[in-house]
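# Coordinate inspection notes
Next come the chains, spelled out residue by residue.
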Amino acid sequence: MKLNAGQATAYFAKPDPDAAGLLIYGADGMRIALKRQQVVAALIGPQGEEEMRLTRIPAGDLRKEPALLLDAVKAIGFFPGLRVALVEDANETVGPIITEALSDWVAGDAQIVVTAGALKPTSKLRKAFEAHPSAFAAGIYDNPPTRDEVERDLTAAGITNPPQEAMHLLMDLARQLEPGDFRQTLEKLGLYKLNDPEPLSADDISACAPASIEADVDDVLLVVGDGNAAAIGPVMQRLQAQGVNAVSLCIGAMRHFRSLHRAACDTSGRPQIWGPNRDKMLTQARNWGAPKLELALTELTDTDLQLRSAGQNAPALALVERCFIRLAMLARR
């Protein structure tokens, strides 16, 4: 059975103990690893690996010894409870071996959990799991976690019923951090709030969030937001020497100015900006105002389209630097 995004989220949290197996595939290795970790823990519990109810089989080893998987699936465990045969980093080369083990699976055998990279719809491995009556296949894509996923991870970290403002800040943070970094931030929040009866606050999130996301990029964006055109050139030279990509710079700038625009348009008195640069960004939002920030976002969008156009021949970083200088001059008007 093929699981859509909503079904997959629910299944990872509570997998079917009687299923034959699960295939998790996608391009982002970190996201795949987090989902694999979640579903295996739900199947065998915290003591499962210690009780030898989990057998890990790298795809490279399976290719050399095809019998490894079927042996693991049919093996009798020393401890009671569900068993899992985990094949990691699978591809079409080992697909026939996995498909054969899946077809030989019977109730009572170890459940087959397979992780793989991006698989096309025509993949035989993917089709085998989608067509099997008691197996599942779930594609993981580069989407930020949903609100339900964030709330579930918060609960696991010991934080329940977070205020609406805190959830907005966390969802914004989830869109900016890598999955592993975001998960670590939530775990850090759980420790930070241990035995603290006060509700989760923006200050708590700022204290636990990474000190900076792409700190060097943040430096130039703060310079642009302050309207300091003369300082842009030296910072851009350092970024160029470090190999920073022009498109990444442009995307970071759009994220920065969207946050400023959201703060400038806020009427609740609690602008949704987090992190160590919060006070400086709130000052920038007030100084710019919503109309000028909308002009800035238009300028950044045009530059981004120009960078991605097929006929673009000008130096990419020079285009971004020119855009940043225009924005800094706009801030001074």
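Scroll up to find the structure.
Residues numbered from 1 in each chain as written. Predicted model: local features only at pLDDT ≥ 70, side-chain atom pairs only at ≥ 80, totals over all residues. Heavy atoms only, no water.

### Describing the sheet that holds strand 3 (residues 54-58)
Taken together, 6 strands build an open sheet; the order of strands is 1-6-2-5-4-3 and the sheet is parallel. The sheet is open, and its two edges are formed by strand 1 (2-3) and strand 3, each paired on a single side. Pairing analysis gives 5 bridges linking strand 3 to strand 4 (residues 84-90), with the strands arranged parallel. By the bridge assignment for strand 4, isoleucine 57 is matched with valine 87. The strands that helix 5 (residues 95-103) touches are strand 4, strand 5 (111-116) and strand 6 (135-139); relative to strand 5, the one it contacts most, it runs at about 155°. (Pairing = 2+ DSSP bridges. Helix = DSSP H or I, 4+ residues; strand = E, 2+ residues; numbered from the N terminus. Contact = heavy atoms within 4.5 Å. Axes fitted to C-alpha atoms, helices over the stretch in contact; angles between N-to-C directions.)

### Description of the pattern of salt bridges
All told, the structure shown has 16 salt bridges when counted by the stated rule. Note that arginine 147 is salt-bridged to glutamate 151, the shortest N-O span being 3.2 Å. Note that arginine 147 and glutamate 151 are positioned in helix 7 (residues 147-156) at a spacing of 4 residues, about one turn of the helix. Taking relative accessible area as the criterion, arginine 147 reaches 31% and is therefore assigned partly exposed. Since its relative accessible area comes to 30%, glutamate 151 is described here as partly exposed. (Salt bridge = Lys/Arg side-chain N within 4 Å of Asp/Glu carboxyl O. Buried < 20%, exposed > 50% of the residue type's maximum accessible area, 1.4 Å probe, protein only.)

### Looking at the layout of surface pockets
Where empty space is left in the structure can be found by rolling a water-sized probe over the atoms. Taken as a whole, the largest pocket spans an internal volume of roughly 470 Å³. Together, 24 residues line the largest pocket, and Lys35, Ile140, Tyr141, Asn143 and Glu149 are the ones closest to its centre. Of all elements in the fold, only strand 1, helix 1 (5-13), helix 2 (29-44), helix 7 and helix 9 (179-192) reach the threshold of two or more residues within the lining of the largest pocket. A per-element tally of the lining of the largest pocket places helix 1 first, with 4 residues. Split into classes, the residues belonging to the lining of the largest pocket amount to 12 nonpolar, 5 polar and 7 charged. (1 Å grid on protein atoms, 1.4 Å probe; cavity = no way out; pocket = protein on both sides within 12 Å on 5 of 7 lines; lining within 4 Å. Points joined across faces, edges and corners; volume = space filled by probe spheres on them. Nonpolar A, V, L, I, M, F, W, Y, C, P; charged D, E, K, R; others polar.)

### So, the environment of isoleucine 112
As for its position among the elements, isoleucine 112 is in strand 5. Each C-alpha atom of the pair isoleucine 112 and alanine 19 lies 8.7 Å from the other, and the pair is 93 residues apart in sequence. Beyond its immediate chain neighbours, meaning those up to four positions away, isoleucine 112 contacts Ala20, Gly21, Leu22, Leu69, Val73, Ala85, Ala101, Leu102 and Phe129.

### Considering a nonpolar patch on the surface
The grouping of Met52, Phe78 and Phe79 at the surface amounts to a nonpolar patch, some 380 Å² of accessible area in total. Relative accessible area serves as the criterion here: at 53%, methionine 52 is assigned to the exposed category. (Patch = residues over 30% accessible without salt bridge, like charges linked within 9 Å, V, L, I, M, F, W, Y side chains within 5 Å. Areas by Shrake-Rupley, 256 points an atom, 1.4 Å probe, with all protein chains shown as cover.)

### A look at the packing of helix 13 (residues 246-264) against helix 15 (residues 316-331)
Closest axis-to-axis distance for the helix 13/helix 15 pair is 9 Å, and the angle between their directions is 25°. Between helix 13 and helix 15, the interaxial angle falls into the category roughly parallel. Taken together, the residues of helix 15 that come into contact with helix 13 (itself represented by Ala246, Leu249, Ala253 and Phe257) are Ala316, Leu317, Val320, Phe324 and Leu327. In terms of residue class, the contact of helix 13 with helix 15 is built from 9 nonpolar, no polar and no charged. (Parallel < 35°, antiparallel > 145°, perpendicular 65-115°, else oblique.)

### Some points on unusual backbone geometry
Of note, the phi angle at aspartate 89 is positive, near 60°, even though the residue is not glycine. One can find aspartate 89 in strand 4. For asparagine 161, which is not a glycine, the phi torsion comes out positive at approximately 50°. Among the secondary structure elements, asparagine 161 is positioned in the loop between helix 7 and helix 8 (164-176). Exposure remark for asparagine 161: the relative accessible area of 72% places this residue in the exposed category.

Geometric values such as these leave the question of function open.
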